[in-house]
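Below, each chain spelled out in residue letters.
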Amino acid sequence: MLDLPEYPWQLMAPYKATAQTHPAGLVDLSIGAPVDPTPDVIQQALRAGTNWPGYPGAAGTNELRDAIAQWYHRRRSVKNLTRDNVAATVGSKEFIAWLPLLLGLGPDDVIVYPTVAYPTYDIGAKIVGATSVTADSLAGLDEETRDKIKLVWVNSPANPTGIVQEASALRALVNDARGLGAVVASDECYAELGWGRWDTELIPSILHSQVAGEDFTGLLSVYSLSKQSNMAGYRAAFVAGDTKLIAALINLRSHTGMVVPGPIQQATIAALADEDHVAEQKARYRNRREKLVTAIEAAGLVIEHSQAGLYLWVRDPTVTNPTAHDSWELVDRFAKAGMLVGPGVFYSSAGNGYIRISITATDQDVDQAVSRLKAGL
């Protein structure tokens, strides 16, 4: 039996209980689960694809793989992808967790992931017994560690901080990793949700020519439709990049039954082809985000980074050293005002003192949160 740490969100139970005692009820701003309806164009495609008596392939249908490659070209400006460069996955979380195993990594290997990061990167390392190291650049790591690096995780836009990596920084990391013979896997699932500068400027993909050159060797881009298309319940995602890696992953996934159901593949094709619903959903998030930003800042709190994605990375500016200050104190202050927020310490010790506030709540709940912030914590 694998000895994995307790699922961290279980630690929220007492704070949730406190927030639920608020006279107007709980407002949950902790987990970024979509709450808006799945667009009709996707639901219709799912219904139309329900007659699927045979087994779907682990790679995805040719139609789906072509749609993914075309989407990367159209929306991410990644050229020269073909169906051989892409494959369907059962959501992105399972791919992140199992990629070290599928790559054959083990106790003698090192996996690098960002300093403040989604915990599943570390869980993947734990599953195979590899050593996990947090770093935002490989340059500062000692030679003994560098020699053992086999997988480097990039997350841009980042969860929870919302940091977007410039193409030049990604290119430097890719060049360094290639020199070490390491795979670089980039979790990019918030790329359609940029704010400020990144609202109109393209968020770089690890596969873009400014980063990868004209060669996808050793590179994987991981993407999910959960956020931009309200398809979290569909587990609709995909991976793109190095043809040899993709072929090997498809083979392993075929052996283990990691297969996206056929009707979900049809719904994914429809989602990738329709850009209107993505713009409409982003407009909803923009409205909620702007309200929360104004209220959070008016309450005397500071928002850092948060350049893209569905979260606001927040701290109390009266604390001079936020990483030495307990995230749970700020979580408790929000809970007493009837709001549940995510503790930054869930994302490493470097996140201590911060909280993550989701902008995915309903309009009604966001308005409640704004009202409560105005009333004071």
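Above this text you will find the structure in question.
The following paragraphs examine the structure supplied in this document. This is a predicted model, so every value here is computed, not measured. Each chain carries its own residue numbering, running from 1 in the direction its sequence is written. Only residues with pLDDT of 70 or above have their local features reported here, since the model is predicted, and side-chain atom pairs are shown and tallied only from 80 upward, although totals for entire chains, interfaces and linings are computed over all residues. Side-chain metrics rest on all non-hydrogen atoms present in the structure, leaving aside hydrogens and water.

### What to know about the pairing of strand 10 (residues 311-315)
Argument step 1. Within strand 10, 5 of the 5 residues are buried, which leaves it mostly tucked inside the rest of the structure.
Argument step 2. Here the term buried applies to any residue with accessible area under 20% of the maximum for its type, exposed to any over 50%, and partly exposed to those in between, with areas from a 1.4 Å probe on protein chains only. Helix and strand definitions here come from DSSP, where helices need a minimum of 4 consecutive H or I residues and strands a minimum of 2 consecutive E residues; each element is numbered from the N-terminal end. The two faces of strand 10 match: Tyr 311, Trp 313 and Arg 315 on one face and Leu 312 and Val 314 on the other face are all buried.
Argument step 3. When DSSP locates at least two bridges between a pair of strands, those strands are taken to pair. The pairing of strand 9 (residues 302-304) with strand 10 spans 3 bridges and is antiparallel. Bridge pairing in strand 10 links Val 302 to Arg 315.

### Regarding the packing of aromatic side chains
Argument step 1. Pairs were defined over the aromatic rings of Phe, Tyr and Trp, the Trp ring being its six-membered one, requiring ring centres within 6.5 Å. Orientation was assigned from the angle between planes: stacked under 30 degrees, edge-to-face over 60, tilted for the rest. Evaluated as defined, the whole model comprises 13 aromatic pairs.
Argument step 2. With 5.7 Å between their ring centres and 75° between their planes, Trp 71 and Phe 238 make a pair best called edge-to-face. Of this pair, Trp 71 sits in helix 3 (residues 62-76) while Phe 238 is found in strand 8 (residues 236-241), placing the two residues 167 residues apart along the sequence.
Argument step 3. Relative to Tyr 347, the ring of Trp 313 lies with its centre 6.4 Å away and its plane at 80°, an arrangement referred to as edge-to-face.

### Details of the sheet that holds strand 13 (residues 354-358)
Argument step 1. Taken in spatial order, the 4 strands of this open sheet run 9-10-13-12, and their pairing is antiparallel. The open sheet terminates on both sides in strands that have one partner only, identified here as strand 9 and strand 12 (342-343).
Argument step 2. Strands in contact with helix 11 (residues 276-298) are strand 9, strand 10 and strand 13; relative to strand 10, the strand with the most contacts, it is inclined by about 5°. Residues are treated as being in contact if the distance between any of their heavy atoms lies within 4.5 Å. Convention adopted: a line fitted to C-alpha atoms gives each axis, helices being fitted over their contacting stretch, and angles between N-to-C directions are expressed from 0 to 180 degrees.

### Quick word on the pattern of salt bridges
Argument step 1. Whenever a carboxyl oxygen of Asp or Glu lies within 4 Å of a side-chain nitrogen of Lys or Arg, that contact is scored as a salt bridge. Applying the stated rule across the entire model yields 20 salt bridges.
Argument step 2. One salt bridge connects Arg 83 with Asp 66, and the closest N-O pair in it is separated by 2.7 Å. In this pair, Arg 83 is assigned in the loop between helix 3 and strand 2 (86-90) and Asp 66 in helix 3, connecting sequence segments 17 residues apart.
Argument step 3. Shared partners join several salt bridges into a network, and the residues in it are Arg 74, Arg 75, Glu 192 and Glu 275.

### A few points about the nonpolar core
Nonpolar side chains in soluble globular proteins generally cluster together in the buried interior.
Argument step 1. Nine residue types can take part in a nonpolar core, namely buried Ala, Val, Leu, Ile, Met, Phe, Trp, Tyr and Cys, and a core is a set of them joined through side-chain atoms within 4.5 Å. One finds Tyr 72, Val 112, Val 152 and Leu 207 to be the most contacted residues of the largest nonpolar core, which totals 47 residues.
Argument step 2. The element that contributes the greatest number of residues to this core is helix 3, accounting for 6 residues.
Argument step 3. Not counting chain neighbours up to four residues away, the residues in contact with Tyr 72 comprise Ser 77, Val 78, Leu 81, Ser 205, Leu 207, Ser 221, Tyr 223, Phe 238 and Ala 240.
Argument step 4. Formed by 43 residues, the second largest nonpolar core is a distinct cluster that contains Trp 313, Ala 337, Val 341 and Val 366.

### Notes on the environment of Ala 270
Argument step 1. Tracing the backbone shows Ala 270 in helix 10 (residues 262-273).
Argument step 2. If we ignore the near neighbours within four places in the chain, the residues touching Ala 270 are Val 41 and Ala 45.

### Remarks on the pairing of strand 2
Argument step 1. The element strand 2 is largely enclosed, with a buried count of 4 among its 5 residues.
Argument step 2. The pairing of strand 2 with strand 8 spans 5 bridges and is classified as antiparallel. Each residue of the ladder has a partner; that of Ala 87, found in strand 8, is Val 239.

### Observations regarding helix 4 (residues 93-102)
Argument step 1. Summarising burial for helix 4: 7 of the 10 residues are buried, a large majority.
Argument step 2. Looking one or two residues past helix 4, Gly 104 carries a phi angle of roughly 75°, positive in sign.

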